[in-house]
Amino acid sequence: MDLGLTGRRALVAAASRGLGKGCAMSLASEGAAVAICSRDGEAIEAARDEIAASTGATVAAIRADVSREDDARRFVREGIETLGGCEILVANAGGPPTGRFDELGDDDVRSALDLNFFSTLRMARDALPAMREAGFGRIIVILSIAAKQPISNLILSNTIRAGLAGWARTLADEVGPSGITVNGILPDGVLTDRVRSLHEDRARREGRSTDEVIAEVEAEVPVRRLGDPKEVGDLVAFLASERAGYITGTFIQVDGGGYRGLF
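Notes on the structure follow.

About the thresholds
- Residues numbered from 1 in each chain as written.
- Predicted model: local features only at pLDDT ≥ 70, side-chain atom pairs only at ≥ 80, totals over all residues.
- Heavy atoms only, no water.
- Core = buried A, V, L, I, M, F, W, Y, C linked by side-chain atoms within 4.5 Å.
- Buried < 20%, exposed > 50% of the residue type's maximum accessible area, 1.4 Å probe, protein only.
- Helix = DSSP H or I, 4+ residues; strand = E, 2+ residues; numbered from the N terminus.
- Contact = heavy atoms within 4.5 Å.
- 1 Å grid on protein atoms, 1.4 Å probe; cavity = no way out; pocket = protein on both sides within 12 Å on 5 of 7 lines; lining within 4 Å.
- Points joined across faces, edges and corners; volume = space filled by probe spheres on them.
- Nonpolar A, V, L, I, M, F, W, Y, C, P; charged D, E, K, R; others polar.
- Axes fitted to C-alpha atoms, helices over the stretch in contact; angles between N-to-C directions.
- Parallel < 35°, antiparallel > 145°, perpendicular 65-115°, else oblique.
- Left-handed = near helix turned anticlockwise from the far one by under 90°.
- Polar contact = N/O pair within 3.5 Å; in protein donor to acceptor, adjacent residues only side chain to side chain.

## Digging into the nonpolar core
Core analysis: the largest hydrophobic core is formed by 45 residues, its most contacted members being L11, F75, M123, M131, I139 and W167. If you tally residues by element for this core, the top one is helix α4 (residues 106-134), at ten residues. Non-local contacts of W167, meaning those with residues more than four positions away in its chain, are made with T120, L121, A124 and V141. If you look at the next biggest cluster of nonpolar residues, it comprises 32 residues, including A24, L27, A47 and V90.

If you want it as structure tokens, here you go:
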């Protein structure tokens, strides 16, 4: 299936590893030119080189911390300037700290909002004019299953992801007439460094090995394994494509069947 991504320009945030890198790799594999960012300059340059070598695509690396307003906006501006436009934005960022309500203060909440909420709003605000100019746009927000099914000890993520989902659903209505779609991805059980660290944290709390905890989690997933970041990336590539033009305002789980609800 030709997704019609050849020559499209995509910005993928927090893409030095994990879900962001998986998304950038899939988009580049389908022919898109990609700009990627990370707060770690060496790591994002290494990711650029790997993606470019693997796909033959144009890949630009920009050092930026999207939790900072200036950096989030600069990433979009520099990405648009380097690629000559932008039709696709994959809004991604690392997860906020773990913890219970009585362990976290207002500063923790503010930092989490900057990382996971305002970063997306700021990037979208600067990317939308380029999408309107192109007459084609795809905003894909990397959320978490926590937006639909709260996860223990992740009160910051549970709260902010749900709020961001509300923003994305409303934005889909506002920008649809301009040929722009907005969708959210709800990953769970995808083995990124972040997920592994959560399993390690649980293992320490329970006095068990990380391998034991992961094996227990895998046994509860219908497909009996954890996911690969590229499996999220491949869905993102489809949602970014011409073929997905009638899909907007949706939130799609990538969880191996782990979510048990009907809707």
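## Here we look at the side chain of T181
By the element assignment, T181 lies in strand β6 (residues 180-187). What makes T181 buried here is its relative accessible area of 5%. The residues touching T181, leaving out its near neighbours within four places in the chain, are G137, R138, I139, L239, A244, G245, I247 and T248.

## Digging into empty space enclosed by the protein
Overall, the coordinates contain one cavity of 30 Å³ or more when judged by the stated rule. Looking at the largest cavity, the residues that line it are A91, N92, A93, L115, N116, S119, T120, I142, R161 and L164. The set of elements that each furnish at least two residues to the lining of the largest cavity consists of α4 and α5 (155-175). With four residues, α4 is the largest single contributor of residues to the lining of the largest cavity. The residue makeup of the lining of the largest cavity, split by class, is five nonpolar, four polar and one charged.

## A closer look at the layout of surface pockets
Of the voids in this model, the largest pocket is the one considered here, and its volume is about 1500 Å³. If you trace the largest pocket, you find 50 residues lining it, with L154, T192, R194, V195 and L198 closest to the centre. Contributions of two or more residues to the lining of the largest pocket are made by α1 (18-29), β2 (33-38), α5, α6 (193-206) and α7 (210-220). It is α6 that contributes the most residues to the lining of the largest pocket, eight residues altogether. Grouping the amino acids of the lining of the largest pocket by side-chain chemistry returns 20 nonpolar, 16 polar and 14 charged.

## Here's the deal with the environment of M25
Within the secondary structure, M25 sits in helix α1. Take M25: its relative accessible area is 14%, and that puts it in the buried class. Each C-alpha atom of the pair M25 and S38 lies 15 Å from the other, and the pair is 13 residues apart in sequence. Contacts of M25, omitting those with residues within four sequence positions, involve E50, I51, S54 and T55.

## Here's the deal with the packing of α4 against α5
One can describe the packing of α4 onto α5 by two numbers: an axis separation of 10 Å at closest approach and a directional angle of 20°. Overall, the two elements α4 and α5 adopt an arrangement that is roughly parallel. For the crossing formed where α4 meets α5, the hand is right-handed. Each of D108, V109, A112, L113, N116, F117, T120, L121, A124, L128 and R132 in α4 lies in contact with α5, whose residues at this interface are L156, I160, R161, G163, L164, W167, L171 and V175. Split into classes, the residues belonging to the contact of α4 with α5 amount to 13 nonpolar, three polar and three charged.

## A word on helix α8 (residues 229-239)
Since there are 3.6 residues in each turn of an α-helix, residues three or four apart along the chain are aligned in direction. P229, V232, G233, L235, V236, A237 and L239 are the residues of α8 that are buried. Where α8 is buried, its residues touch α1, β4 (88-91), β5 (137-142), β6 and β7 (251-254). Two to three positions downstream of the cap, the backbone nitrogen of K230 sits 2.8 Å from a side-chain oxygen, assigning the N-cap of α8 to D228.

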